[in-house]
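Breakdown of the fold
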Amino acid sequence: MKIVVFGASGRVGQHVVRLALEKQIEVTAFVRTPSKLQISHPFLHIYHGNALQANDVAAAIKGQTAVVSCLASSKGLKESQELGKMIDHIVSGMEMHNVNRIIYTASAGIYGEIPGISGKMIMKTLKYPLLDHRHAVDTIMKYHLDYTIVRPMGLTNGEETGKYREAVEGIPEKGRSIARADVANFILKALEDPKYSKQSISIAN
């Protein structure tokens, strides 16, 4: 298997790259700042590019088996359409090079599915990032790709456990958080298990 990881230098992306390499998967790490990725491996290829540039994105996708997106907006909690634009480029590049499999890391809350008063407060705080992720997810589904949408609860820096709960509808009961390393664990599992094809899964420890 050969995968390209967008957002590879981010805090989830670096875990994805490391775990994939441990599984002897050939990885193209798409990064804007290569120095942020402190990993070296014979199966690792660094692609220095900008996901807002369609030509960069398409070139990195060529020859891959699957695409993994761990992208985030540079705007923080402010209004942004960056993720939607980057996914437009990614799905166009996939179509150009006949790549059909994509794992997209979004966030719990993109469907308004976090319950309770605290859930409403979280979703209100994350209003603009959630809208941007939702736009990206809607774009992926429009192209009828073989997708898995990952909707993690609040991200932490805990160690990888491989123990987390999954929910197709809503979120895992009383789910609050999940380690970034376990998000990466799930992404690699979803890549290899066809039962996650065309599924949107919320995960929490």
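Relevant structure appears above.
What this report covers is the structure whose coordinates are included nearby. Residue positions are given per chain, counting from 1 as you read along its sequence in written order. Two thresholds apply to this predicted model, a pLDDT of at least 70 for residue-level local features and 80 or more for giving and counting side-chain atom pairs, whereas whole-chain, interface and lining totals are computed over all residues. To obtain the side-chain values, all non-hydrogen atoms of the structure were included, while hydrogens and water were left out.

Turning to the environment of L130, a few remarks are in order. Mapping L130 onto the fold places it in helix α5 (residues 127-142). By relative accessible area, which is 7% here, L130 ends up buried. The sequence separation of L130 and A108 amounts to 22 residues, and the corresponding C-alpha distance is 8.4 Å. Each helix is a run of DSSP H or I of at least 4 residues and each strand a run of E of at least 2, with the numbering of both proceeding from the N terminus. Accessibility here uses a 1.4 Å probe with only protein chains present; expressed as a share of the type maximum, an area under 20% marks a residue as buried, one over 50% as exposed, and anything in between as partly exposed.

This paragraph deals with the nonpolar core. Generally speaking, nonpolar side chains in soluble globular proteins are found buried as a group. The definition of a nonpolar core used throughout is a set of buried Ala, Val, Leu, Ile, Met, Phe, Trp, Tyr and Cys residues joined through side-chain atoms within 4.5 Å. One finds F6, I61, V67, I90, Y104 and I140 to be the most contacted residues of the largest nonpolar core, which totals 33 residues. The element contributing the most residues to this core is helix α3 (residues 82-96), with six residues. Apart from the residues within four sequence positions on either side, I90 is in contact with F6, V57, I61, V67, L71 and I102. In terms of nonpolar packing, the next biggest core, distinct from the first, is built from 32 residues, V5, A20, I103 and V183 among them. Here a residue-residue contact requires only that any non-hydrogen atoms of the pair lie within 4.5 Å.

Centre distance within 6.5 Å is the pairing criterion for rings of Phe, Tyr and Trp, where only the six-membered ring of Trp is used; planes under 30 degrees apart are then read as stacked, over 60 as edge-to-face, and the remainder as tilted. All told, the structure shown has four aromatic pairs when counted by the stated rule. For the ring pair F186 and Y196, a centre distance of 5.0 Å and an interplane angle of 80° mean the geometry is edge-to-face. Taken as a pair, F186 in helix α6 (residues 180-192) and Y196 in the loop between α6 and β10 (199-204) lie far apart in primary sequence, 10 residues in all. What makes Y196 buried here is its relative accessible area of 3%. Connected via pairs of aromatic rings, a cluster forms that spans F6, F30 and Y47.

All right, on to the packing of helix α2 (residues 54-61) against α3 then. Closest axis-to-axis distance for the α2/α3 pair is 8 Å, and the angle between their directions is 45°. Taken together, α2 and α3 sit at an angle that is classed as oblique. Note on packing geometry: the crossing formed by α2 with α3 is right-handed. Along the contact surface, α2 presents A54, V57, A58 and I61, while α3 presents H89, I90, G93, M94 and M96. Residues are grouped as follows: nonpolar covers Ala, Val, Leu, Ile, Met, Phe, Trp, Tyr, Cys and Pro; charged covers Asp, Glu, Lys and Arg; every other residue, Gly included, is treated as polar. Taken together, the residues that form the contact of α2 with α3 break down as seven nonpolar, two polar and no charged. All axes are obtained by fitting lines to C-alpha atoms, using only the stretch in contact for helices, and the reported angles, taken between N-to-C directions, cover 0 to 180 degrees. These descriptions rest on fixed angle ranges, namely under 35 degrees for roughly parallel, over 145 for roughly antiparallel, 65 to 115 for roughly perpendicular, and the rest for oblique. Crossing chirality is assigned from the near helix's rotation relative to the far helix, an anticlockwise turn below a right angle marking it left-handed and a clockwise turn marking it right-handed.

Most peptide bonds take the trans configuration, and most residues that are not glycine carry a negative phi. Phi at Q24 is positive, roughly 65°, even though this residue is not glycine. Tracing the backbone through its elements, the reader meets Q24 in the loop between α1 (13-22) and β2 (26-31). At H144, a residue that is not glycine, the phi angle is positive and equals roughly 55°. Relative to the helices and strands, H144 resides in the loop between α5 and β6 (146-152). The class for H144 is exposed, based on a relative accessible area of 63%.

For two strands to count as paired, DSSP must find a minimum of two bridges between them. Judged by pairing direction, the sheet is mixed, and its eight strands sit side by side in the order β3-β2-β1-β4-β5-β6-β10-β8 without closing on themselves. Taken across any chain shown, the strands that pair with only one partner, and hence form the sheet edges, are β3 (44-48) and β8 (165-167). Ignoring strand direction, the axes of neighbouring strands in this sheet form an average angle of 20°. Strand direction decides the pairing type here: β6 and β10, joined by five bridges, are parallel. Bridge pairing in β10 links R151 to S202. Together, β1 (2-6), β2, β3 and β4 (66-69) form the strand contacts of α2, whose direction differs from that of β1 by roughly 155°. Sitting on the sheet, α6 is in contact with β1, β4, β5 (101-105), β6, β8 and β10, with an inclination near 160° to β5.

As a further point, take the pattern of salt bridges. We define a salt bridge as a contact between a side-chain nitrogen of Lys or Arg and a carboxyl oxygen of Asp or Glu at a distance within 4 Å. Following the criterion strictly, the structure yields seven salt bridges and no others. One salt bridge in this structure joins R18 and E160, with 3.9 Å as the shortest N-O distance. Remark: E160 occurs in the loop between β7 (154-156) and β8 and R18 occurs in helix α1; sequence separation between them is 142 residues. Since its relative accessible area comes to 33%, E160 is described here as partly exposed. Note that D146 is salt-bridged to R101, the shortest N-O span being 3.7 Å. Of this pair, D146 sits in strand β6 while R101 sits in strand β5, and the two are 45 residues apart along the sequence. Comparing D146 with R101 shows no difference in burial state: the two are buried. A single salt-bridge network, built from bridges that share partners, covers R18, E22 and E160.

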